[in-house]
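# Structural overview for review
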Amino acid sequence: MSETFHEFVVQRSPALSRTAYLLTGDHQHAEDLLQSALARTYRHWRRIHDGDPEAYVRRVMYHQQVSWWRRRRVAERLDATPVERGGGDHTEDTALRLSVVAALGRLTARQRAVVVLRYYEDLTEAQVAEVLGCSVGTVKRHGHDAVRRLRDLVPDLWEPTPERSGR
């Protein structure tokens, strides 16, 4: 049992780690989230390893992140202006990427989960509803609210520039 679990962890951890980071907005919290999800997965490995264990881990991560968010209740906020770490100039794409990460951090945990699942994981609304254990209507509502909020927080994301429009 542990050999197949070890192989799964080695092969899928990078992708799962990226998803955890998008859900939390913080590298250390992402590591904690992934570690917690993998520990829970290991306990049920015999039952799930023949199915889709990656989907199981992702579902555990989404639910765990919402649970942690509910318990925290003390909002952690990302600064609107990123801290300079030295080095060269930041390009416009880097600034936009940092703005998006900061904006994701200002969404609710459910909104962030819907955005990550729909637009990063490329799941359908029905698949997102299944993963989050809610109705498709709830997914649509959270998605709509999240996109509206992101438009307010990062207007440059929707304004075409010559670089992004292909001109």
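Preceding block: the structure.
Residues numbered from 1 in each chain as written. Predicted model: local features only at pLDDT ≥ 70, side-chain atom pairs only at ≥ 80, totals over all residues. Heavy atoms only, no water.

What follows covers the nonpolar core. Within soluble globular proteins, side chains that are nonpolar generally end up buried alongside one another. Counting 34 residues, the largest nonpolar core has Leu 23, Leu 34, Val 57, Met 61 and Leu 132 as the members making the most contacts within it. Among the secondary structure elements, those contributing two or more residues to this core are α1 (2-24), α2 (27-43), α3 (45-48), α4 (53-72), α5 (92-105), α6 (109-120), α7 (125-132) and α8 (136-153). By residue number, the principal contributor to this core is α1, which donates 6 residues. When residues are assigned to domains, this core turns out to be shared by domain 1 (1-74) and domain 2 (82-160), each giving three or more. When residues no more than four places from it in sequence are discounted, the contact partners of Val 57 are Phe 8, Leu 16, Leu 34, Ala 37, Leu 38 and Thr 41. (Core = buried A, V, L, I, M, F, W, Y, C linked by side-chain atoms within 4.5 Å. Buried < 20%, exposed > 50% of the residue type's maximum accessible area, 1.4 Å probe, protein only. Helix = DSSP H or I, 4+ residues; strand = E, 2+ residues; numbered from the N terminus. Domains from an automatic or database assignment. Contact = heavy atoms within 4.5 Å.)

Moving on, we get to empty space enclosed by the protein. With the rule as written, the count across this model stands at 1 cavity of 30 Å³ or more. Approximately 40 Å³ is the volume attributed to the largest cavity. Secondary structure elements with two or more residues in the lining of the largest cavity: α1 and α5. Here the lining of the largest cavity gets 3 residues from one element, more than from any other, and that element is α5. Taken together, the residues that form the lining of the largest cavity break down as 4 nonpolar, 2 polar and 1 charged. Looking at the lining of the largest cavity, you find at least three residues from each of domain 1 (1-74) and domain 2 (82-160). (1 Å grid on protein atoms, 1.4 Å probe; cavity = no way out; pocket = protein on both sides within 12 Å on 5 of 7 lines; lining within 4 Å. Points joined across faces, edges and corners; volume = space filled by probe spheres on them. Nonpolar A, V, L, I, M, F, W, Y, C, P; charged D, E, K, R; others polar.)

Scanning the entire structure with this criterion turns up 5 salt bridges. Arg 12 is the partner of Glu 54 in a salt bridge, and the nearest nitrogen-oxygen pair spans 2.7 Å. With Glu 54 in helix α4 and Arg 12 in helix α1, this residue pair connects regions lying 42 residues apart in the sequence. Classification of Glu 54 as buried rests on a relative accessible area of 16%. Between Arg 58 and Glu 54 there is a salt bridge whose closest N-O contact spans 2.4 Å. Linking Arg 58 with Glu 54, this pair stays in helix α4, spanning 4 residues, or about one helical turn. Judged by its relative accessible area of 12%, Arg 58 falls in the buried class. Taken together, the shared-partner salt bridges in this structure form one network comprising Arg 12, Glu 54, Arg 58 and Glu 121. (Salt bridge = Lys/Arg side-chain N within 4 Å of Asp/Glu carboxyl O.)

Read these as layout, nothing more, since geometry by itself doesn't imply function.
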